[in-house]
Amino acid sequence: MGLLIKEIEDLVLTQLDAAPLNVYCENFERYDGQFSVDDVNSFKASYPACFVAYTGDRFLENTALIRYTVDMGISVVVVAKNLRGDFQAKTGSAGAYQMLEDVKTLLHLNNLNIPNLVGMVLQRRTNLVNTKNLAVFVMDFSLQFVD
């Protein structure tokens, strides 16, 4: 199949930049160090935002011809204004919880319009940062294809 990591990231970004998420989310980018968990005050983008990052892969040998099933990891980081003191705002259209649901709707079981690609499977959602200014969550997906 010969998919490059950059191509997969581009395809994921394209899928995310769709309704309902793109109605309120301002940024769809690769994660290139826009923030550090140790220094969240150095966040270098406007939010709400979604960042896509390749997180590694595993190669499972299928045949003596050295064909592999690639099990690739892709993470989506969602960043929203932290509204934890205002439940209605946090759960509204631009809150982190709504972003998590919209990303799941757009990506879970999505094959990125590539034949022979098993749809992306949501593996985990977790909180990375929760400060008075930012709420940052990561969603880990896996996808498989034969290479």
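The structure we're discussing is the one just above.
No experiment lies behind these values; they were computed from the predicted model shown.

A. Looking closely at the pattern of salt bridges. Tallying each qualifying case throughout the model produces 5 salt bridges. The residue Asp10 makes a salt bridge to Lys6 at a minimum N-O spacing of 2.8 Å. Taken together, the residues Asp10 and Lys6, both in helix α1 (residues 5-16) and 4 residues apart, mark about one turn of the helix. One salt bridge connects Arg124 with Asp140, and the closest N-O pair in it is separated by 2.8 Å. Residue Arg124 is found in strand β4 (residues 118-130), and its partner Asp140 is found in strand β5 (residues 134-146); the two are separated by 16 residues along the sequence. The exposure class assigned to Arg124 is partly exposed, which follows from its relative accessible area of 45%. Among the charged side chains, a salt-bridge network with shared partners connects Lys6, Glu9, Asp10 and Arg30.

B. Examining the packing of α1 against helix α3 (residues 96-107) more closely. Between α1 and α3, whose axes approach to 9 Å, the crossing angle comes to 120°. The chirality of how α1 crosses α3 is right-handed. Within the contact between the two elements, α1 uses Val12, Gln15 and Leu16 and α3 uses Val103, Leu106 and Leu107. A breakdown of the residues in the contact of α1 with α3 according to their chemical character gives 5 nonpolar, 1 polar and no charged.

C. Inspection of the pairing of β4 at higher detail. Relative to β5, β4 is paired through 9 bridges, and the arrangement is antiparallel. Within β5, the residue paired with Val118 across the bridge is Gln144. Connecting β4 to the next strand, β5, in antiparallel fashion are 3 residues.

D. The arrangement of the packing of aromatic side chains in detail. All told, the structure shown has 2 aromatic pairs when counted by the stated rule. An angle of 80° between the planes, with centres 6.2 Å apart, marks the rings of Tyr31 and Phe51 as edge-to-face. Highlighted residues: Tyr31 in the loop between β1 (27-30) and β2 (49-61) and Phe51 in strand β2, separated in sequence by 20 residues. For Tyr31, a relative accessible area of 30% gives the class partly exposed. Residues Tyr97 and Phe137 carry aromatic rings whose centres are separated by 6.2 Å and whose planes lie at 70° to one another, so their mutual orientation is edge-to-face.

E. Molecular detail of α1. Here α1 contains 12 residues, and its C-alpha end-to-end distance of 17 Å stays within 8% of the 16 Å for a straight helix at 1.5 Å per residue. Within the sequence span of α1, burial applies to Ile8, Glu9, Val12, Leu13, Gln15 and Leu16. All buried residues of α1 lie within an arc of 160° about the axis, which places them on one face of the element. Relative to its buried face, α1 has exposed residues pointing more than 90 degrees away, namely Lys6 and Thr14.

F. Fine view of the side chain of Ser75. With respect to the helices and strands, Ser75 occurs in strand β3 (residues 68-81). Within polar-contact distance, the side chain of Ser75 engages the side chain of Asp140 at 2.4 Å. Beyond its immediate chain neighbours, meaning those up to four positions away, Ser75 contacts Phe51, Val52, Ala53, Thr55, Val138, Met139 and Asp140.

Rules used in this analysis
- Residues numbered from 1 in each chain as written.
- Predicted model: local features only at pLDDT ≥ 70, side-chain atom pairs only at ≥ 80, totals over all residues.
- Heavy atoms only, no water.
- Salt bridge = Lys/Arg side-chain N within 4 Å of Asp/Glu carboxyl O.
- Helix = DSSP H or I, 4+ residues; strand = E, 2+ residues; numbered from the N terminus.
- Buried < 20%, exposed > 50% of the residue type's maximum accessible area, 1.4 Å probe, protein only.
- Axes fitted to C-alpha atoms, helices over the stretch in contact; angles between N-to-C directions.
- Left-handed = near helix turned anticlockwise from the far one by under 90°.
- Contact = heavy atoms within 4.5 Å.
- Nonpolar A, V, L, I, M, F, W, Y, C, P; charged D, E, K, R; others polar.
- Pairing = 2+ DSSP bridges.
- Phe/Tyr/Trp six-rings, centres within 6.5 Å; stacked < 30°, edge-to-face > 60°.
- Expected span 1.5 Å × (residues − 1).
- Arc of directions from axis to C-beta.
- Polar contact = N/O pair within 3.5 Å; in protein donor to acceptor, adjacent residues only side chain to side chain.

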